[in-house]
Amino acid sequence: MTGAWRYEGALRRRLRQARRAVQAAPAVGTRGVVVPAFWWDGHPNFGDALTPLLLPRYGLVPRHREPDRARLVGVGSLIQFLPADFDGAIWGTGAIDDAERLLPDATVLAVRGPLTAERIGAGAVAYGDPGLLVARHLRRPGSDGQVALVAHGHHRGDEDLLALARRDGVRAVDVHRAAPPVVREIASAGAVLTTSLHGLVTADAYGIPAVWTTREPALIGGDFKFRDYEAAVTPGRSRFVQFDDVRTREDVVRRASRADAGRVAALCDGLEAALRRVPEALGPLPRYPSGLLRR
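Description of the structure in this document. Note that the coordinates shown come from a computational prediction; the quantities given were computed from them, not determined experimentally. (Residues numbered from 1 in each chain as written. Predicted model: local features only at pLDDT ≥ 70, side-chain atom pairs only at ≥ 80, totals over all residues. Heavy atoms only, no water.)

Brief notes about the overall build of the protein chain
For the protein chain, the helix and strand inventory stands at 10 helices and 11 strands. Relative to its full complement of 295 residues, the protein chain shows a buried share of 53%. Considering only contacts in the protein chain between residues 6 or more positions apart, those separated by 24 or more positions represent 65%. (Helix = DSSP H or I, 4+ residues; strand = E, 2+ residues; numbered from the N terminus. Buried < 20%, exposed > 50% of the residue type's maximum accessible area, 1.4 Å probe, protein only. Contact = heavy atoms within 4.5 Å.)

Spelled out as structure tokens, the structure:
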């Protein structure tokens, strides 16, 4: 694993262990097939936390495992973590960059977009980021009409973004929190400006007008994951804007646009259908609560 992706420090390891201990206790009423799954948990981040949020709502009880022990990988740009002989299931996952990473033994149920499908050698599969499904499970709060500024964690200290967040009618959203409160905070906005992919995904899930932009430092892979996602959700059309064109609330509202609701619904249907194939794809798995959960 390259330095950009290292997360083996002792403190980070203890924090992850503490979070996993909490996750090992399913919510009251949870039941279903226990699936060893991988999601990024190097630090709290709402987009990465969508896998353990969503899977139980479809009868799958996720237990975090490292990539070489996982049987399912879901939300996020996680393809680069998977070993070349990975033979589990891929559901809505994306590549981080343009590099080819063939995974001939994997069962590809869905990927984030057609660019990822091409890079991993997948055939005809479902497209879409599973974060689009949140609107089917978390009701949208009433809109406050404000612009939600969803900065990627790398951009939280960006002076221009901070200046925009201080303007009337704009509020910053801290993505380094659990998924439900962040999703609801984005969902209550009238428009969204984001440098975080899942800011855009969440806006599209709830039919909120959105635009995305880039800031320094550049994200790993540049804008690949945005292009991959938009090739599935808004093919032939991008909502990218230069930051200089969205320095006020009025600029954001004027330039923001919605994804087509029918297309989003069709992608969500495909993601749900793909998820129903997990038990068949992975073979016999224990059930909870009749089976034991092992950390």
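Picking up where we left off.
Points about the pattern of salt bridges
A full pass over the atoms with the stated rule returns 19 salt bridges. A salt bridge links R247 to D160; the nearest nitrogen and oxygen atoms lie 3.5 Å apart. Highlighted residues: R247 in the loop between α7 (224–233) and α8 (249–255) and D160 in helix α4 (residues 159–165), separated in sequence by 87 residues. With a relative accessible area of 33%, R247 lands in the partly exposed category. Taken together, the salt bridges that share partners define one network made up of D158, D160, R215, D244 and R247. (Salt bridge = Lys/Arg side-chain N within 4 Å of Asp/Glu carboxyl O.)

Section: helix α5 (residues 179–187)
Within the sequence span of α5, burial applies to A179, V182, V183, I186 and A187. Buried residues of α5, viewed axially, fall in a sector of 130°; they line one side. Packing partners of the buried residues in α5 comprise α2 (50–54), β7 (147–150), β8 (170–173), β9 (191–194) and α6 (197–205). (Arc of directions from axis to C-beta.)

As for the packing of aromatic side chains
Aromatic ring pairs are described here by two measures, namely the spacing of the ring centres and the angle between the planes. For the structure on display, the rule yields four aromatic pairs. Measuring from ring centre to ring centre gives 5.5 Å for F38 and F81, while their planes differ by 65°; the resulting arrangement is edge-to-face. Of this pair, F38 sits in strand β1 (residues 32–38) while F81 sits in the loop between β3 (72–73) and β4 (89–93), and the two are 43 residues apart along the sequence. Taken together through their ring pairs, the aromatic side chains of F38, W40 and F81 make up a single cluster. For the cation-ring pair, R215 lies above F243, with the distance from its terminal atom to the ring centre recorded as 4.5 Å. (Phe/Tyr/Trp six-rings, centres within 6.5 Å; stacked < 30°, edge-to-face > 60°. Lys NZ or Arg CZ within 6 Å of the ring centre and 35° of its normal.)

Examining the sheet that holds β7
Across the sheet, four strands lie side by side as β8-β7-β9-β10; this open sheet has parallel pairing. This sheet does not close on itself; its edge strands, each paired only once, are β8 and β10 (210–212). Along the sheet, successive strands turn relative to each other by an average axial angle of 20°, direction set aside. Direction of pairing for β7 relative to β8: parallel, over a ladder of four bridges. (Pairing = 2+ DSSP bridges. Axes fitted to C-alpha atoms, helices over the stretch in contact; angles between N-to-C directions.)

Let's talk about unusual backbone geometry
Between E216 and the following residue, P217, the backbone shows a cis peptide bond with an omega angle of 0°. Take P217: it is sitting in the loop between β10 and α7.

Here's the deal with the nonpolar core
Within the largest apolar cluster, 55 residues are counted, with the highest numbers of intra-cluster contacts made by W91 and V192. W40, F86, A117 and V125 belong to the second-largest nonpolar core, a separate cluster that totals 21 residues. (Core = buried A, V, L, I, M, F, W, Y, C linked by side-chain atoms within 4.5 Å.)

Some words on the environment of L149
Turning to its location among the elements, L149 is positioned in strand β7. Separated by 43 residues in the primary sequence, L149 and V192 place their C-alpha atoms 6.1 Å from one another. Sequence-distant contacts of L149, that is, excluding residues within four places in its chain, are made with L161, L164, A165, V170, R171, A172, V173 and L193.

Focus on the pairing of β4
In terms of burial, β4 is a largely internal element, five of the five residues being buried. Where β3 lies against β4, two bridges are found, and the strand directions are parallel. By the bridge assignment for β4, V73 is matched with I90. Two strands pair when backbone bridges link them, and β4 and strand β5 (residues 107–111) are joined in this way by four bridges, in the parallel orientation. Paired with A89 across the bridge in β5 is T107.

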